[in-house]
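# Structural overview
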Amino acid sequence: MAPIAPQPGIMDIALYEGGKSAIAGRDDVLKLSSNENPRGPSPAAMEAVRASAATLHRYPSTDHAALRTAISDVHGLDAGRIVCGVGSDEIIHVLCQAYAGPGDEVLYPEHGFAMYRISALAAGATPVVARERERRVDVDALLAMASERTRLVFLANPANPTGTMLHEAEVARLAAGLPEACLLVLDGAYVEYAEGCDGGAALVESRDDVVMTRTFSKLYGLGGLRIGWGYAPRAVIDVLNRIRGPFNLSGTQLSAAEAAMRDRAFVAETLAINAAQRARLTQALRAMGIACDDSQANFVLARFRSPEEAGAADLHLQARGILVRRVTGYGFPEGLRITVGTEADTTRVLDALARFREEAA
Ligand SMILES: *Cc1c(COP(=O)(O)O)cnc(C)c1O
């Protein structure tokens, strides 16, 4: 009998590791490990979830029209070119499923998001990595690694876990320089935190080979509910709608996302807190001699002098109930990625790190 085996590539996938969420024996944990909104979800989204309970027996909408209209109203985009998914993870996944297979290549930068590799392998495609320069995406390196086999290029801008960002003109240069049969996917999970940036929406409208993905998991505080969306040329939308689940989003997900999208006051307050605390965290880390780049996102990548020191700092924080993210798997064994929290959260993490420094001195 032939052995039962999965498709090639699948067993090469290492399981995704989420940020830690609990510390045994502590009920005062400060979770700064998954770039979540430190204020929780918007109250309007919570109310929408409660209201949705009465219609749980109903199948949800398959065309997501109300949510796409809300997104279109807020962002000024064509609702007909929006696709909604179970987190932006699902958009990334169906893009790979639709456009890349055995013999094809999926290209992304060295420190790129883990889902790009996972989704490429799941589709049977070959992941290809382009080096970065000083924790910044290098357009020339991406262009040099692109080949006639490249079908998809993923670029998170701002990037996770570095927090750095490519200028609009560099993104446009990348789009223009890639081979013809290749889609550029701009992952905008953090783009709202970078002031005055459209996440590539204009590029999607001016070209036929660029896709933008966005999420409700970060700014909107709905990571637990799993909702994301994409903006793409009509031809790509037609493809993705054919392979996503027709009922991929529940009524609860759809109505919570719509309420969160329309709650602009909550968004503005969150952004103001993030900008203030990100600047404070960055300055204070540097004053302690802990290196970090200017972040355009809702986290800061703190770089210690060695992997051992980063590990010791991580344990020191955990002993004080604070969870941050080690990013060894992203190529930063000396790094800790710290989500920007509220003013009180930032005080707590900075006090703990100051104590760590004192004890080490
Ligand atoms: C968090 C994150 C996402 C969001 O994923 P969801 O599936 O929408 O929760 C996407 N891309 C990057 C780079 C991220 O860090």
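Quick caveat, the model's predicted, so the values are computed rather than measured.

Each value, and the rule that gives it
Each chain has its residues counted from 1, following the order in which its sequence is written. Given that the model is predicted, a residue must reach a pLDDT of at least 70 before its local features are reported, and side-chain atom pairs must reach 80 or more before they are shown or counted; all residues, however, enter totals for whole chains, interfaces and linings. Excluding hydrogens and water, the side-chain values take into account all heavy atoms of the structure. Numbered from the N terminus, helices here are DSSP runs of H or I no shorter than four residues, and strands are runs of E no shorter than two. Every radius of gyration here is taken over C-alpha atoms, with the globule rule written as 2.2 Å times N^0.38, N being the number of residues. Burial classification: accessible surface area is computed with a 1.4 Å probe over protein chains only, and a residue below 20% of its type maximum counts as buried, one above 50% as exposed, and the rest as partly exposed. Whether two residues are in contact is decided by their heavy atoms, any of which lying within 4.5 Å being enough. Exposure was quantified through the Shrake-Rupley algorithm and a 1.4 Å probe, taking into account, for residues, occlusion by the shown protein chains and nothing else. Charged residues are defined here as Lys and Arg on the positive side and Asp and Glu on the negative side; His and the ends of the chain fall outside this count. Think of each charge as sitting on NZ of Lys, CZ of Arg, CG of Asp or CD of Glu. Summary of the distance rule: residues count as near a molecule or strand when at least one heavy atom falls within 4 Å of that molecule or strand. We call two N or O atoms a polar contact when they sit within 3.5 Å, provided that within protein one can donate a hydrogen and the other can accept it, with sequence-adjacent residues counted only if both atoms are side-chain atoms. Ten residues, namely Ala, Val, Leu, Ile, Met, Phe, Trp, Tyr, Cys and Pro, are considered nonpolar, four, namely Asp, Glu, Lys and Arg, are considered charged, and the remaining ones, Gly among them, are considered polar. Domain start and end points were adopted from an automatic or database domain assignment. What makes a salt bridge here is a side-chain nitrogen of Lys or Arg within 4 Å of a carboxyl oxygen of Asp or Glu, nothing more. Directions pointing from the helix axis toward each C-beta atom define the arc. Aromatic rings from Phe, Tyr and Trp, taking only the six-membered ring of Trp, are treated as a pair when their centres fall within 6.5 Å; an angle between ring planes under 30 degrees marks them as stacked, one over 60 as edge-to-face, and anything in between as tilted. Helix axes use the C-alpha atoms of the stretch in contact, all axes being lines fitted to C-alpha atoms, and the angles between their N-to-C directions lie in the range 0 to 180 degrees. Here is the rule for angles: anything less than 35 degrees is roughly parallel, anything more than 145 is roughly antiparallel, 65 through 115 is roughly perpendicular, and the remaining ranges are oblique.

## Points about the overall build of the chain
If you tally the helices and strands in the chain, you get 12 helices and 12 strands. For 361 residues, the compact-globule estimate of 2.2 N^0.38 gives 21 Å, and the C-alpha radius of gyration of the chain, at 21 Å, lies within 12% of that figure. Buried residues in the chain amount to 53% of all 361 residues. In the chain, 73% of the contacts between residues at least 6 apart in sequence involve partners at least 24 apart. For the chain, the accessible surface area stands at approximately 15,900 Å², while carbon and sulfur atoms represent 54% of it. Both charge centroids of the chain, one from 37 positive and one from 44 negative side chains, sit 2 Å from each other.

## Here's the deal with the environment of Ser250
Mapping Ser250 onto the fold places it in the loop between α8 (234-243) and α9 (251-262). Under the relative-accessibility criterion, Ser250 is labelled partly exposed at 28%. For the pair Ser250 and Ser61, spaced 189 residues apart in the sequence, the C-alpha separation amounts to 8.0 Å.

## Considering the site of the ligand
Within the structure, the ligand sits among Gly87, Ser88, Asp89, Phe113, Asn160, Asp187, Ala189, Tyr190, Thr215, Ser217, Lys218 and Arg226. At 2.6 Å, a side-chain N or O of Tyr190 approaches an oxygen atom of the ligand. In the environment of the ligand, an oxygen atom lies 2.6 Å from a nitrogen or oxygen atom belonging to the side chain of Ser217. Here the ligand, which alone exposes 390 Å², has 94% of that area covered by the protein. Sort the elements by how many residues they give to the shell around the ligand and helix α3 (residues 87-99) lands first, with 3 residues. Tallied by class, the residues present in the shell around the ligand amount to 3 nonpolar, 5 polar and 4 charged.

## Some remarks on the domain arrangement of the chain
For interface size, the figure often reported is the accessible area lost on association. Here the chain is described as being made up of domain 1 (10-40 + 265-360) and domain 2 (43-263). Taken together, the contacts link 30 residues of domain 1 with 28 residues of domain 2. For the pair domain 1 and domain 2, the number of links is 1 salt bridge. Measuring nitrogen to oxygen at the nearest pair gives 2.6 Å for the salt bridge that ties Asp293 to Arg135. The interface formed by domain 1 and domain 2 holds 13 residue pairs in polar contact (both at pLDDT 80 or more) in total. Of all elements in the fold, only α10 (264-287), β9 (299-303) and β12 (332-339) reach the threshold of two or more residues within the side of domain 1 that touches domain 2. Ranked by residue count, the leading element in the side of domain 1 that touches domain 2 is α10, at 7 residues. Here the residues of the side of domain 1 that touches domain 2 are counted per class, giving 14 nonpolar, 10 polar and 6 charged.

## Describing helix α6 (residues 168-177)
Think of an α-helix as 3.6 residues a turn; residues three or four steps apart then line up on the same face. Within the sequence span of α6, burial applies to Val171, Leu174 and Ala175. Considered in projection along α6, the buried side chains sweep an arc of 100° and stay on one side of the axis. Residues of α6 that are exposed and point over 90 degrees away from its buried face: Ala169 and Ala176. At its buried positions, α6 is contacted by α5 (139-145), β5 (150-156), β6 (183-187), α7 (201-206) and β7 (210-215).

## Considerations on the packing of aromatic side chains
Tallying each qualifying case throughout the model produces 8 aromatic pairs. For the pair Tyr16 and Phe113, a centre-to-centre distance of 6.3 Å together with 75° between the ring planes defines the contact as edge-to-face. You can see Tyr16 sitting in the segment before β1 (30-31) and its partner Phe113 sitting in the loop between β3 (105-109) and α4 (114-122), a full 97 residues away along the chain. Aromatic pair Phe216 and Tyr220: ring centres 5.0 Å apart, planes at 50°, arrangement tilted. Of the aromatic side chains, those joined through ring pairs into one cluster are Tyr16, Tyr108, Phe113, Tyr116 and Phe154.

## Considerations on the packing of α10 against helix α12 (residues 343-360)
For the pair α10 and α12, the least separation of the axes is 10 Å and the interaxial angle reads 10°. One way to sum up the angle between α10 and α12 is to call them roughly parallel. Mapping the contact onto sequence places Gln277, Arg280, Leu281, Ala284 and Leu285 in α10 and Glu343, Thr346, Thr347, Val349, Leu350 and Leu353 in α12. Partitioning the contact of α10 with α12 into residue classes produces 6 nonpolar, 3 polar and 2 charged.

## Focus: unusual backbone geometry
Cis geometry marks the peptide bond from Asn157 to Pro158, where omega comes out at 0°. Positionally, Pro158 belongs in the loop between β5 and α6. Residue Pro161 follows Asn160 across a cis peptide bond; omega there is 10°. Relative to the elements of secondary structure, Pro161 occurs in the loop between β5 and α6.

## Brief notes about the packing of α3 against α8
In the contact formed by α3 and α8, the axes pass within 10 Å of each other and the chain directions differ by 100°. In terms of axis orientation, α3 runs roughly perpendicular to α8. In this structure, α3 uses Val94, Leu95, Gln97, Ala98 and Tyr99 to contact α8, whose residues at the interface are Ala235, Val236, Val239, Leu240 and Ile243. Taken together, the residues of the contact of α3 with α8 sort by class into 9 nonpolar, 1 polar and no charged.

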